[in-house]
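Read off the chains here:
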Amino acid sequence: MPAKIIDGKAIAASINEETKREVEIFRSKYGRAPALAVILVGDDPASQVYVRNKIRTCAEVGIRSEGIPMAADTPEAALLDKIAELNADDTIDGILVQSPVPETIDEARVIRAIDPAKDVDCFCESNVGKLLIGGERGLMPCTPFGVLELLRRSGVSCRGKDVVVIGRSNIVGKPMAALLMQKAPDADATVTVVHSATEHLAEHIARADIVIAAIGKPRFVKGAMLKKGAVVIDVGINRIFDEKTGKNRLVGDVDFDEALPVAGAITPVPGGVGPMTIAMLMRNAVTAANLRRRDADAAEKK
Ligand code: NDP
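Residues numbered from 1 in each chain as written. Predicted model: local features only at pLDDT ≥ 70, side-chain atom pairs only at ≥ 80, totals over all residues. Heavy atoms only, no water.

## Quick notes on the state of the cysteines
Definition in use: Disulfides are defined as pairs of cysteine sulfur atoms found within 2.5 Å of each other. When accessible area is computed with a 1.4 Å probe and restricted to protein chains, residues below 20% of their type maximum are described as buried, those above 50% as exposed, and intermediate ones as partly exposed.
Taken as a whole, this structure holds zero disulfides when the rule is applied. Cysteine Cys124 is unpaired, with the sulfur of Cys122 as its nearest cysteine sulfur at 7.0 Å. Accessibility expressed as a relative area gives 5% for Cys124, which makes it buried. Looking at Cys158, it has no disulfide partner, and the nearest cysteine sulfur is the one in Cys122, 18 Å off.

Right, dumping it as structure tokens:
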């Protein structure tokens, strides 16, 4: 039997419906919508598409968005000034700087400049630290938390399972592993992280109950590498030239056609993890707004 297709688009749509209701509750309590500032430095076409999708989804769920385009030659100091202005603006709840920034700008410095309370990407040191320590969930890393929600809402339990995460980036692989290893009902997995220096990569993948591929290499994971019935989550987004159609198209890090007859369940690309990342960003914007209000109310009471 071919794998069950995990429909990220449908699951993201139901999360966005939940977010829409939370936005309404926030608005009725505080008289304004949660607000997200999205900075795009430069004119990278893929980044422009991502930013457009984020801003469109904000409109769909009722979040106020402020798109801030900046020229590719914007000096780092000007970007840091903009972030400082948004940090100080009480009507802005979340700040996102679309990655990658031009090479002339130090991305780590930019991440550090964002107020952790407004860090809706969950990239800054204190938010990553909170994630690792566990406990109350606040701002969550969008793609890894999207993967966790995809699994949970598809009825896939991670508890006690062998999960192999391929890739160790700060955006996907590392926070993914940190989330999966937590003692939590939707996690509790036994996690192995493999990367470009891993020896016997195929052996690790072959014993995985759940494979999460975040490598950035088109169709890297072959069907023959998977254990029969494995759940396969494909984070990869790779643009390739399709000789049949003469056009570019998106493929994942997993060879979908080969994996389909072997896997128990699999996410497609597009329509798998991608929509979940945006849905979790929306959720983070509302969480940031609520937590900021909670902190402000607590400070007022003192
Ligand atoms: P990075 O390039 O930052 O990281 C890639 C990781 O894969 C690195 O840890 C690297 O190892 C590892 N790797 C590379 N080659 C191999 C190999 N041959 N064997 C084993 N490991 C290897 O990528 P990201 O994590 O940012 O993104 C990964 C993919 O996910 C990309 O396609 C990206 O577009 C996509 N993505 C999708 C998102 C979504 O919303 N769906 C969001 C974010 C990313 P090493 O550390 O040793 O170099």
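Back to the text.
## Regarding the site of the ligand
Rule in force here: If even one non-hydrogen atom of a residue comes within 4 Å of a molecule or strand, that residue is called near it. In protein, a polar contact means a hydrogen-donor-capable atom and an acceptor-capable atom, both N or O and within 3.5 Å, with residues adjacent in sequence counting only if both atoms are side-chain atoms; elsewhere, any N or O pair within 3.5 Å suffices. Only the protein chains shown count as covering a residue, and every accessible area follows the Shrake-Rupley method with a 1.4 Å probe. Secondary structure elements follow DSSP: runs of H or I no shorter than four residues count as helices, runs of E no shorter than two count as strands, and numbering proceeds from the N terminus.
Of all residues adjacent to the ligand, which total 20 residues, the nearest are Arg168, Ser169, Ser196, Ile237 and Thr277. The separation between a nitrogen atom of the ligand and a polar side-chain atom of Lys217 is 3.3 Å. At a separation of 2.7 Å, an oxygen atom of the ligand approaches a polar side-chain atom of Thr277. Burial of the ligand by the protein chains amounts to 71% of its free accessible area of 940 Å². The dominant element in the shell around the ligand, judged by the number of residues it contributes, is helix α10 (residues 273–301), at three residues.

## Concerning the packing of aromatic side chains
Think of a pair of aromatic rings as described by two things: how far the centres are apart, and how the planes are tilted against each other in angle. What counts is decided by this rule: Ring pairs are drawn from Phe, Tyr and Trp, using the six-membered ring of Trp, whenever the two centres fall within 6.5 Å, and their geometry is named by plane angle: stacked under 30 degrees, edge-to-face over 60, tilted for the rest.
A full pass over the atoms with the stated rule returns one aromatic pair. When the centroid spacing of 4.7 Å and the interplanar angle of 55° are considered together, the rings of Phe26 and Tyr30 count as tilted. Placement of the pair is Phe26 and Tyr30 together in helix α1 (residues 8–30), with a separation of four residues, close to one helical turn. On the accessibility criterion, Phe26 (1% relative accessible area) is buried. According to the relative accessible area criterion, Tyr30 is partly exposed, its value standing at 24%.

## As for the pattern of salt bridges
Close approach of charged atoms allows side chains of opposite charge to pair. Just so we agree on the cut-off: Each salt bridge in this description consists of a side-chain nitrogen of Lys or Arg and a carboxyl oxygen of Asp or Glu lying within 4 Å of one another.
All told, the structure shown has 20 salt bridges when counted by the stated rule. A salt bridge links Glu24 to Arg27; the shortest N-O distance between them is 3.3 Å. Linking Glu24 with Arg27, this pair stays in helix α1, spanning three residues, or about one helical turn. For Arg27, a relative accessible area of 35% puts it in the partly exposed group. Between Asp188 and Arg159 there is a salt bridge, and its shortest N-O distance comes to 3.1 Å. In this pair, Asp188 is assigned in the loop between α7 (173–180) and β6 (190–194) and Arg159 in the loop between α6 (142–153) and β5 (162–166), connecting sequence segments 29 residues apart.

## A closer look at the sheet that holds strand β11 (residues 265–266)
Strand pairing within a sheet occurs via backbone hydrogen bonds; the two strands may be parallel or antiparallel. What counts, and what does not: When DSSP finds two or more bridges between two strands, those strands count as paired.
Taken in spatial order, the six strands make up an open sheet running β1-β11-β8-β7-β5-β6, and their pairing is parallel. Both outer strands of the open sheet, β1 (4–5) and β6, are each paired with one neighbouring strand and no more. Two strands pair when backbone bridges link them, and β5 and strand β7 (residues 210–213) are joined in this way by four bridges, in the parallel orientation. The residue bridging Val164 from the neighbouring strand is Val211, located in β7.

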